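Reading the structure
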Amino acid sequence: MSQSPTDATPHLQTQKPSQGGTPNNSVRAVRTTFAIARNAFREAVRDRVLYNLVLFVLLLTAGAIFLGELSAGQETKIIIDLGLSAMLLFGVFIAIFVGVGLVYKEIERRTLYAILSKPIGRGQFLLGKYLGLCLTLLVNVIIMGAGVSLALIYIRRGWDPLAIKIWPAIMLIYFELMIITGVALLFSTFSSPALSALLTFFVFVIGHFSADLKTLSSTSNQVAARLVFRALYYLLPNLTTYSVITPAAHGISPDMQSIILAFAYTIVYDVVLLLGASLIFSRRNFK
Amino acid sequence: MKKSLLLVMTIMISLFVSVALVRMIDAHRANAPAPFADESLYVNAATARHMALAFNGLAADWYWMRSLQYVGGKIVTFEDTHTEGFGLSELDLHVLPSLLRLSTALDPQFIAPYEYGAMLLPEVSPDEATALLNSGVVANPNTWRLYHLLGYVYWQRHHYEMASEIYAKGGSLPGAPPWMAAMAARMKGEGGSRDAAGEMYRHLYDASNDPAVKDMVDKQLMRLKSLDQRDEIRNALNSYKATNGRCVSSWREVANELRAARLILDSKTGAPLDPSETPYELIKNGCDVGLDVNTKVPFK
């Protein structure tokens with residue numbers, strides 16, 4: 001979809017270059033970041049990213065209707081597994097394929113020049129883009145979560161406590177998607193979209209093997225190998241922290257401490273990813 | 001317009017040809033010596049768990065549904081080629097243990113495959129049944145239902161001492177029903193009796209939420225009831241033979257005795273009805289009783 005620079009560029013008031021950390025400037029910087037985020041969200045909606053919800057609804061509807069016969073009374077568990085897994089999978093695809101294009105599209109369309117000619121920092125631009133995609137994913141996840149809850153109520157023909165109990169798991173799925181978005185954005189600052197998508201997907205896969213990396217780091221005979229595995233374990237995102245779909249299907253919710261720790265880990269890891277992306281992006285020459 | 005019509009026609013013809021090809025492929029596959037469904041699984045439980053990433057629950061559901069389809073497919077195939085009833089050992093369910101093991105390895109808290117395994121595997125592969133249920137108990141040490149199922153598997157294998165131990169362990173868990181402890185004592189004292197079997201199946205029926213398992217247990221309860229009924233009928237037939245020096249030529253000759261034994265008789269033939277309300281058959285020239293081929297009562 002071709003866009004004019006004004007479509008992709010946030011509608012910014014003419015601003016003077018940043019004069020330092022005065023409160024006015026900080027407020028202005030936050031507003032600008034949110035404007036970029038809002039635009040990234042609008043762009044995702046315009047690109048029909050949320051159309052995946054239609055597919056999701058069809059999947060759940062078909063599941064709710066047909067699983068009763070196929071699963072011998074296990075439809076509640078299966079609808080949760082199916083719904084939350086689809087939520088994660090669709091979310092990961094959106095995070096990867098939209099995430100890797102966030103920066104690349106702006107460069108390709110040359111709208112980036114119009115944006116950066118305004119008093120907007122490159123890091124601020126990345127943060128805005130990141131928040132915009134996170135907002136898209138949040139809307140996606142909330143609608144999908146509501147869909148799963150409704151499907152459970154439909155299957156039970158009445159209220160089902162699992163319709164509420166699955167929400168902590170949904171929250172953790174969203175945290176995982178936030179990390180994947182950050183990883184995609186980081187790769188997209190220095191690599192082509194195809195390679196970025198591939199690398200992000202690898203990180204998603206390896207992130208779910210983190211328990212094995214830890215085991216390898218303690219069982220390997222070679223010291224060097226142990227160190228490498230330990231470094232990988234700590235450096236790569238530990239995505240098993242967010243894998244609670246299976247317990248959620250049995251009505252087991254993660255405890256509050258696990259959720260708080262997962263949230264803190266998400267924030268810290270995302271800060272690292274965004275700072276890394278900002279560092280690389282600030283050194284790129286667009287001339 | 002003409003071009004569009006041509007395109008639509010081509011699409012329709014192509015679709016028709018593709019449907020015909022699919023039917024040909026299906027026919028070819030049906031004639032193949034080893035259907036795909038019977039091939040051993042090449043993914044072991046540990047590998048599957050790794051490959052599933054965050055989707056292990058969904059993968060467990062997939063293997064669970066596949067095991068149901070596998071057994072269902074075998075039953076349909078058997079019924080298509082045989083007229084008599086079947087025992088599980090005749091179905092050749094050799095892939096079932098792997099399917100259930102995969103499902104439970106991917107989601108160790110998924111109780112339905114353990115339950116299904118406890119019902120089917122003792123006849124297919126007793127060792128696999130014990131191993132599956134033992135792994136379930138290890139993964140869910142506080143779930144009394146799994147102890148009940150493991151006790152049932154040991155009971156099926158006539159290991160009454162082990163069954164008693166397992167029931168005793170399960171009965172001591174918080175939330176376990178009082179009859180678990182009673183079953184422990186019963187297994188020790190009269191594990192092989194028909195009464196113990198009846199009680200076992202009644203508890204299995206009550207504890208299960210799975211309609212397929214309930215159906216299987218219901219059939220076993222019918223079988224036990226039918227065994228009792230056949231004992232009563234044999235008594236009547238034997239006493240007739242002792243009095244008259246010959247076996248009966250029709251059910252009407254022992255109608256009074258059968259009524260006295262509280263059996264329901266068919267209004268037309270006077271034959272006693274089995275628990276599925278199918279008339280019993282006179283066999284061995286009227287000297288013995290047998291199940292009708294159309295009965296829903298399992299033969300074994």
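In this text, all values refer to a predicted model and were calculated from it rather than measured experimentally.

Side note on the overall build of chain B
- A tally of regular secondary structure across chain B gives 12 helices and 2 strands.
- When its helices and strands are written in sequence order, chain B yields α-α-α-α-α-α-α-α-α-α-α-α-β-β.
- If one aligns the C-alpha atoms of chain B with their principal axes, the spans along those axes are about 90 × 55 × 35 Å.
- Here chain B holds 300 residues, and 32% of them are scored as buried.
- A separation threshold of at least 6 residues defines the contact pool for chain B, and within that pool the share at least 24 residues apart is 53%.

Regarding the overall build of chain A
- The helix and strand inventory of chain A stands at 14 helices and 0 strands.
- Counting from the amino terminus, helix and strand elements in chain A follow one another as α-α-α-α-α-α-α-α-α-α-α-α-α-α.
- Since a compact globule built from 287 residues should have a radius of gyration of about 19 Å, the 21 Å found for chain A is in line with a globular shape.
- A buried classification covers 43% of the 287 residues belonging to chain A.
- Contacts in chain A between residues far apart in sequence, at least 24 positions, make up 81% of those at least 6 positions apart.

Looking at unusual backbone geometry
- Its identity as a non-glycine residue notwithstanding, A:Arg157 has a phi of 55 degrees, on the positive side.
- Summarising the element assignment, A:Arg157 is placed in the loop between α7 (122-156) and α8 (162-165).
- Look at A:Arg157 and you get exposed, because 7 C-beta atoms sit within 10 Å.
- Although it is not a glycine, B:Glu277 sits at a positive phi angle of roughly 65 degrees.
- Summarising the element assignment, B:Glu277 is placed in the loop between α12 (255-260) and β1 (281-283).

With respect to the interface of chain B and chain A
- Every contact between the two is made by 17 residues of chain B and, on the other side, 18 residues of chain A.
- Listing elements by their share of the side of chain B that touches chain A, those giving two or more residues are α3 (56-81) and α11 (211-244) of chain B.
- Top element by residues in the side of chain B that touches chain A is α3(B). It accounts for 7 residues.

Looking at the nonpolar core
- A:Leu84, A:Ala95 and A:Ile173 are the most contacted members of the largest nonpolar core, which totals 128 residues.
- A total of 15 residues in this core trace back to one element, the largest contributor, which is helix α9 (residues 167-188) of chain A.
- Sequence-distant contacts of A:Leu84, defined by excluding residues within four places in its chain, comprise A:Val148, A:Ile166, A:Ala169, A:Ile170, A:Ile173, A:Ile245 and A:Ala248.
- One finds B:Ala236, B:Ala271, B:Tyr280 and B:Val289 within the second-largest nonpolar core, a separate group that totals 12 residues.

Focus on helix α8 (residues 160-171) of chain B
Residue and element names in this part refer to chain B.
- For α8, which comprises 12 residues, the first-to-last C-alpha distance of 16 Å matches the rise-based estimate of 16 Å (1.5 Å per residue) to within 8%.
- For α8, every residue scored as buried is listed here: Ala-163, Ser-164, Ile-166, Tyr-167, Gly-170 and Gly-171. Within α8, the buried residues cover an arc of 165 degrees as seen down the axis, which keeps them to one side.
- Buried residues along α8 sit against α7 (144-156) and α9 (179-190).

So, the confidence of the model for chain A
All names here are of chain A.
- Counting all residues, the mean pLDDT for chain A is 85, and 91% of those residues have values of 70 or more.
- By mean pLDDT, helix α1 (residues 5-8) is the weakest element of chain A at 42, and α9 is the strongest at 95.
- Low confidence marks residues 1-20, where pLDDT is under 50. Its contacts with residues over four positions away, or in another chain, come to 31 contacts.

Notes on the packing of α7(A) against α9(A)
Residues and elements named next belong to chain A.
- One can describe the packing of α7 onto α9 by two numbers: an axis separation of 10 Å at closest approach and a directional angle of 150 degrees. When the axis of α7 is compared with that of α9, the two are roughly antiparallel. For the crossing formed where α7 meets α9, the hand is right-handed. Residue-level contacts link Leu-126, Lys-129, Tyr-130, Leu-133, Cys-134, Leu-137, Leu-138, Val-141 and Gly-145 of α7 to Trp-167, Ile-170, Ile-173, Tyr-174, Leu-177, Met-178, Thr-181, Gly-182 and Leu-185 of α9.
- Its residues placed into classes, the contact of α7 with α9 shows 14 nonpolar, 3 polar and 1 charged.

Observations regarding the environment of A:Ser188
Residues and elements named next belong to chain A.
- Secondary-structure assignment places Ser-188 in helix α9.
- For the pair Ser-188 and Val-30, spaced 158 residues apart in sequence, the C-alpha to C-alpha distance is 23 Å.
- In this structure Ser-188 touches Gly-99, Val-100, Leu-102, Val-103, Tyr-104, Pro-193 and Ser-196, once residues within four positions along its chain are discounted.

Definitions and cut-offs
Residues numbered from 1 in each chain as written. Chains lettered and ligands numbered in written order. Predicted model: local features only at pLDDT ≥ 70, side-chain atom pairs only at ≥ 80, totals over all residues. Helix = DSSP H or I, 4+ residues; strand = E, 2+ residues; numbered from the N terminus. Buried ≥ 20, exposed ≤ 12 C-beta atoms within 10 Å, placed from the backbone. Contact = placed C-beta atoms within 7 Å. Rg over C-alpha atoms; globule rule 2.2 N^0.38 Å. Core = buried A, V, L, I, M, F, W, Y, C linked by C-beta atoms within 7 Å. Expected span 1.5 Å × (residues − 1). Arc of directions from axis to C-beta. pLDDT = per-residue confidence, 0-100. Axes fitted to C-alpha atoms, helices over the stretch in contact; angles between N-to-C directions. Parallel < 35°, antiparallel > 145°, perpendicular 65-115°, else oblique. Left-handed = near helix turned anticlockwise from the far one by under 90°. Nonpolar A, V, L, I, M, F, W, Y, C, P; charged D, E, K, R; others polar.

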